[in-house]
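What the coordinates show
Below, each chain spelled out in residue letters.
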Amino acid sequence: MKKIFKLSLFLFASLAFTACSNETSDTLTDSETQGGLLTVLNENIVYEQGSDPDKIYEAAVSGFQGREKIQTIDVYKQFISVDGLKSDKILLKTLTLPNVDQMETVSFEFSYNDLIAGLTVDGVPLPASDAILNIGDTWVLSYLSNLDNGNSHENYKTTKITVSCGSFLAGLYSNSTLRVETGVVYTFAVDEVTAIGPGIYNTSYIGNYYCAGQTPGSSGNTTQLPAGTRAGYTFQDICGSLGMETQNLASAFTNEVRQSPEQKAMSNVDLVTGIITIHYSIMFTDQTVNRPFITTLTPL
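Our subject in this report is the structure included herewith. Position numbers for residues start from 1 in each chain and track the written sequence from start to end. Local features in this predicted model are restricted to residues whose pLDDT is 70 or higher, and side-chain atom pairs enter the listing and the counts only when it is 80 or higher, whereas totals over whole chains, interfaces and linings include all residues. Calculated side-chain values reflect all of the structure's heavy atoms, with hydrogen atoms and water omitted.

Section: the overall build of the protein
Our working rule: Helical segments are the DSSP runs of H or I of at least four residues, strand segments are the runs of E of at least two, and each set is numbered from the N terminus. Residue contacts are defined here by distance: any two heavy atoms, one from each residue, within 4.5 Å place the two residues in contact. Note on areas: Shrake-Rupley with a 1.4 Å probe; residue coverage comes only from the protein chains shown.
Scanning the protein from terminus to terminus reveals 3 helices and 23 strands. Intrachain contacts of the protein at a sequence separation of at least 6 include 58% that bridge at least 24 residues. Only carbon and sulfur atoms are counted for the fraction: they give 55% of the accessible area of the protein, which is about 16100 Å².

Comments concerning the layout of surface pockets
Where we set the bar: In the cavity and pocket records, a cavity denotes points on a 1 Å grid over the protein atoms alone where a 1.4 Å probe fits but cannot get out, a pocket denotes an open set with protein on both sides within 12 Å along at least 5 of 7 lines, and lining residues are residues with an atom within 4 Å of a point. Grid points are joined across faces, edges and corners, and a volume is the space filled by probe spheres set on the points. Following the grouping adopted for this structure description, the nonpolar residues are Ala, Val, Leu, Ile, Met, Phe, Trp, Tyr, Cys and Pro, the charged ones are Asp, Glu, Lys and Arg, and the polar ones are all others, Gly among them.
Approximately 340 Å³ is the volume attributed to the largest pocket. Its residues assigned to classes, the lining of the largest pocket shows 7 nonpolar, 6 polar and 2 charged. Taken as a whole, the second largest pocket spans an internal volume of roughly 210 Å³. What lines the second largest pocket is a set of 13 residues, and nearest its centre among them are Phe 79, Ser 81, Val 121, Leu 126 and Asp 137. Along the lines of polarity and charge, the residues of the lining of the second largest pocket split into 9 nonpolar, 2 polar and 2 charged.

With respect to the state of the cysteines
In protein structure, a disulfide is the covalent linkage between the sulfur atoms of two cysteines. Going by this rule: When the sulfur atoms of two cysteines come within 2.5 Å, that pair is taken as a disulfide. Residue exposure (1.4 Å probe, protein chains only): buried if accessible area is under 20% of the type maximum, exposed if over 50%, otherwise partly exposed.
According to the stated counting rule, one finds 1 disulfide in the structure shown. Here Cys 165 connects covalently by a disulfide to Cys 239, the sulfurs 1.7 Å from one another. One disulfide, between Cys 165 and Cys 239, carries an S-S torsion of 90 degrees and so falls in the right-handed class. Of the two residues, Cys 165 sits in the loop between β11 (159–164) and β12 (171–179) while Cys 239 sits in the loop between β17 (234–238) and β18 (241–243), which places them 74 residues apart along the sequence. With a relative accessible area of 23%, Cys 165 lands in the partly exposed category.

As for the pairing of strand β22 (residues 276–284)
The criterion, for reference: Two strands qualify as a pair provided that DSSP identifies no fewer than 2 bridges between them.
Of all 9 residues in β22, 9 are buried, a share of seventy percent or more. Side-chain alternation along β22 places Ile 276, Ile 278, Tyr 280, Ile 282 and Phe 284 on one buried face and Thr 277, His 279, Ser 281 and Met 283 on a second face that is also buried. Strand direction decides the pairing type here: strand β20 (residues 256–258) and β22, joined by 2 bridges, are antiparallel. When the bridges of β22 are listed, Val 257 appears paired with Ile 282. Strand direction decides the pairing type here: strand β21 (residues 268–269) and β22, joined by 2 bridges, are antiparallel. From the neighbouring strand, Asn 268 faces β22, where its bridge partner is Thr 277. What sits between the antiparallel neighbours β21 and β22 is a turn of 6 residues, in which Gly 274 has the positive phi angle 80 degrees. In terms of strand pairing, β22 meets strand β23 (residues 289–299) through 9 bridges, oriented antiparallel. Within β23, the residue paired with Thr 277 across the bridge is Thr 296.

With respect to the packing of aromatic side chains
Defined as follows: In this scheme Phe, Tyr and Trp rings, the latter by its six-membered ring, pair at centre separations within 6.5 Å, and the angle between planes marks the pair as stacked below 30 degrees, edge-to-face above 60, and tilted otherwise.
Scanning the entire structure with this criterion turns up 13 aromatic pairs. Measuring from ring centre to ring centre gives 5.7 Å for Tyr 47 and Tyr 57, while their planes differ by 45 degrees; the resulting arrangement is tilted. In this pair, Tyr 47 is assigned in strand β2 (residues 44–48) and Tyr 57 in strand β3 (residues 57–64), connecting sequence segments 10 residues apart. With respect to burial, Tyr 47 and Tyr 57 carry one shared label: buried. Pairing Tyr 47 with Tyr 112 gives two aromatic rings, centres 5.5 Å apart and planes at 25 degrees, and the pair type is stacked. Taken together, the residues span a long stretch of sequence, with Tyr 47 in strand β2 and Tyr 112 in helix α2 (residues 112–116) at a distance of 65 residues.

Focus: the pattern of salt bridges
The condition that has to hold: Salt bridges are identified by distance alone: a Lys or Arg side-chain nitrogen within 4 Å of an Asp or Glu carboxyl oxygen.
As enumerated under the stated definition, the model contains 4 salt bridges in all. Of the charged contacts in the structure, one is a salt bridge between Lys 89 and Glu 154, with a shortest N-O distance of 3.4 Å. Of the two residues, Lys 89 sits in the loop between β4 (70–80) and β5 (90–96) while Glu 154 sits in strand β10 (residues 152–154), which places them 65 residues apart along the sequence. The partly exposed category is assigned to Lys 89, whose relative accessible area is 42%.

Thoughts on the nonpolar core
For clarity, the cut-off: Only buried Ala, Val, Leu, Ile, Met, Phe, Trp, Tyr and Cys residues count toward a nonpolar core, and they belong to the same one when joined by side-chain atoms within 4.5 Å.
The biggest cluster of nonpolar side chains holds 30 residues, and the ones touching the most others in it are Ile 73, Phe 108, Phe 110, Trp 139, Leu 141, Tyr 143 and Ile 161. With sequence-adjacent residues up to four places away left out, Trp 139 is seen in contact with Gln 78, Phe 79, Tyr 112, Leu 115, Ile 116, Leu 119, Leu 126, Leu 133, Thr 159, Lys 160, Ile 161 and Val 163.

Regarding the side chain of Gln 247
Inclusion rule: In protein, a polar contact requires one atom able to donate a hydrogen and another able to accept it; more generally it is a pair of N or O atoms within 3.5 Å, and residues adjacent in sequence count only if both atoms are side-chain atoms.
Following the sequence through the fold, Gln 247 ends up in strand β19 (residues 247–248). With a relative accessible area of 17%, Gln 247 lands in the buried category. At 2.9 Å, the side chain of Gln 247 forms a polar contact with the backbone oxygen of Glu 245. When near neighbours in sequence (up to four residues on either side) are disregarded, Gln 247 contacts Tyr 233, Thr 234, Asn 255, Glu 256 and Val 257.

Structure representation (structure tokens):
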């Protein structure tokens, strides 16, 4: 029993030493003492579906220039679909380091067109239109350091570019708003939708209301509010589903603007026409009276 116990201690010590050794070189597939150590400054990048295919994205890597110096870095790209299908890994571009400082950073640019060029999945080229891609599809950029001693080492860390829902709703719209309980339609010739964050927007008008300094509606007896500078509300676009947090009317009144789960389910943006339809309610009489509205915004 004593021999078995000593052997177990030896195996445990060996495993612990191996684990610690691996942790010290988790950036390279080979030992960092061989040179070529890179730090990937952009490990995750979001690609918004619907973006201009020529829109420029940027990534960067830093290299430590020790005894063995990095001359160039080959950047490879590979496409991986959300269900696991993969393209071949091919060269995206080659970067050259200036070899002046001990720690050097080099950045590079790429577009959607750069990412898809030359890549095929099951013999089919990646689509020129990103509309065919699935949310969650990715490109993986990997890095190969080429040293001045002729050796090359692949970096452990990569850059992952993930396809996500794009939101590009900012712009000018005509506004047609239905008061559900009466059937009256209020119209505003121009409703400016303003982006205040990724997928988050403000409108200019709400229901039948406008504020001083804003243009009255052209029909339906629209009403000027006695306070506030912008009558509109804030909403969020998540993959074409439009949600609205409870907020105060025109940011100036205690009347709450609300959206029920049922109203949220009916609120959306048509990805073909760009028409926004959003359902909500304005509350009155200490939030006890619910007046539902349906606003349709048509791009101008």
